[in-house]
Amino acid sequence: MISISVGIICNSLLECLGRLKPVRIDAAVGLIDSEGLESLNSLTNEIRVVVGDLAPVPHTVYENEIWRGVIKIYPGLHAKFLVINGGDVAVFGSSDLTAGGLRGNYELNMIVKGQLAKRLAKLFDTLWNRAVPITKDHVWNEAPEDLLRKPREEAVRRFNERVAELLSVDPR
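Residues numbered from 1 in each chain as written. Predicted model: local features only at pLDDT ≥ 70, side-chain atom pairs only at ≥ 80, totals over all residues. Heavy atoms only, no water.

Enquirer: Run through unusual backbone geometry, naming residues and quoting values.
Expert: Look at Lys21: it is not a glycine, yet its phi comes out positive at around 50°. If you trace the backbone, Lys21 turns up in the loop between helix H1 (13-20) and strand E2 (24-29). Judged by relative accessible area, which is 65%, Lys21 ranks as exposed. Although it is not a glycine, Asn85 adopts a positive phi angle of roughly 55°. Here Asn85 falls in the partly exposed class, since its relative accessible area comes to 27%. (Helix = DSSP H or I, 4+ residues; strand = E, 2+ residues; numbered from the N terminus. Buried < 20%, exposed > 50% of the residue type's maximum accessible area, 1.4 Å probe, protein only.)

Enquirer: Would you mind going over the side chain of Lys80 in detail, with residue names and values included?
Expert: In this structure, Lys80 sits in the loop between strand E4 (71-74) and strand E5 (81-84). Buried and without a salt bridge, Lys80 has Asp96 as its closest oppositely charged side chain, separated by 4.1 Å. Among the polar contacts made by the side chain of Lys80, one reaches the main-chain carbonyl oxygen of His78 at a distance of 2.9 Å. Excluding residues within four positions of it along the chain, Lys80 makes contact with Ala28, Val29, Gly30, Val91, Phe92, Gly93, Ser94, Ser95 and Asp96. (Lys, Arg positive; Asp, Glu negative; His and termini not counted. Salt bridge = Lys/Arg side-chain N within 4 Å of Asp/Glu carboxyl O. Polar contact = N/O pair within 3.5 Å; in protein donor to acceptor, adjacent residues only side chain to side chain. Contact = heavy atoms within 4.5 Å.)

Enquirer: Break down helix H2 (residues 34-43) for me, with residues and values.
Expert: Among the residues of H2, Gly36, Leu37, Ser39 and Leu40 are the ones counted as buried. Buried residues along H2 cover an arc of 155° about the axis, so they all sit on one side. Here H2 starts with a cap whose side-chain oxygen sits 3.2 Å from the backbone nitrogen of Glu35, and that cap is Asp33. (Arc of directions from axis to C-beta.)

Enquirer: Quick rundown of the state of the cysteines? Include the residues and the values.
Expert: One pass over the full model with this rule turns up one disulfide. The partner cysteine of Cys10 in its disulfide is Cys16, sulfur to sulfur 2.3 Å. Judged by the sign of its S-S torsion, about 120°, the bond between Cys10 and Cys16 is right-handed. As far as the burial class goes, Cys10 and Cys16 line up, both buried. (Disulfide = S-S within 2.5 Å.)

Enquirer: How would you explain the pattern of salt bridges if you had to name every residue and give the values?
Expert: Tallying each qualifying case throughout the model produces six salt bridges. Asp26 is the partner of Arg24 in a salt bridge, and the nearest nitrogen-oxygen pair spans 2.9 Å. Among the residues examined, Arg24 registers a relative accessible area of 26% and is labelled partly exposed. We note a salt bridge from Glu35 to Arg103, for which the minimum N-O separation is 2.8 Å. Of this pair, Glu35 sits in helix H2 while Arg103 sits in helix H5 (residues 99-104), placing them 68 residues apart in sequence. Overall, the relative accessible area of 39% leaves Glu35 in the partly exposed class. In the salt-bridge network here, residues are joined through shared partners; they are Arg24, Asp26, Arg48 and Asp125.

Enquirer: Now, about the nonpolar core: what can you tell me, with residues and values included?
Expert: Residues Ile32, Leu37, Val49, Ile71, Leu82 and Leu97 are the most contacted members of the largest nonpolar core, which totals 30 residues. Those elements giving two or more residues to this core turn out to be H1, E2, H2, strand E3 (46-52), helix H3 (59-62), E4, E5 and strand E6 (89-93). Tallying contributions element by element places H1 first for this core, with four residues. By size, the runner-up hydrophobic cluster in this structure holds 20 residues, among which are Ala28, Phe81, Ala121 and Ala131. (Core = buried A, V, L, I, M, F, W, Y, C linked by side-chain atoms within 4.5 Å.)

Enquirer: Lay out the environment of Ser39 with the relevant residues and their values.
Expert: Counting through the fold element by element, Ser39 comes out in helix H2. Judged by its relative accessible area of 10%, Ser39 falls in the buried class. When the C-alpha atoms of Ser39 and Leu14 are compared, they prove to be 8.3 Å apart, with 25 residues separating the residues in sequence. Filtering out sequence-adjacent residues up to four positions away, Ser39 remains in contact with Leu14, Leu102 and Arg103.

Now the structure itself:
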């Protein structure tokens, strides 16, 4: 069982991040866009991002050499969490690292400290170490709507089971 020492709910990722004053952000998300990355960069320039391969990376992200150095791809990743300052605090919820996820959509995110934040930090490091560098193969070549519809259910299921195992929780 994991005890959560702090649980502050935010409707947007920017609302959560505004409360935390991050020096370093490690983000694991399913989707990214330039606006999402720029918003993080406006808070701190110490960023690492692991993004899933369930949807393509926008060409505007790939073309920016700075982003290529801090973004990696992890197959089947659909989780959404950010580790702040090496694990002092974490945010998890429904927000992707996109304009909509940061401020446009109605999202639900929670700020946590303690054991859960440390476990998420460890999980992020595992994902980062196993992820692959972003390449041109991960960039949009089709309409985004068409790519998002391609089924990846098995990969998502396997990943969710692995995350549950790493966090020692029952996925059911």
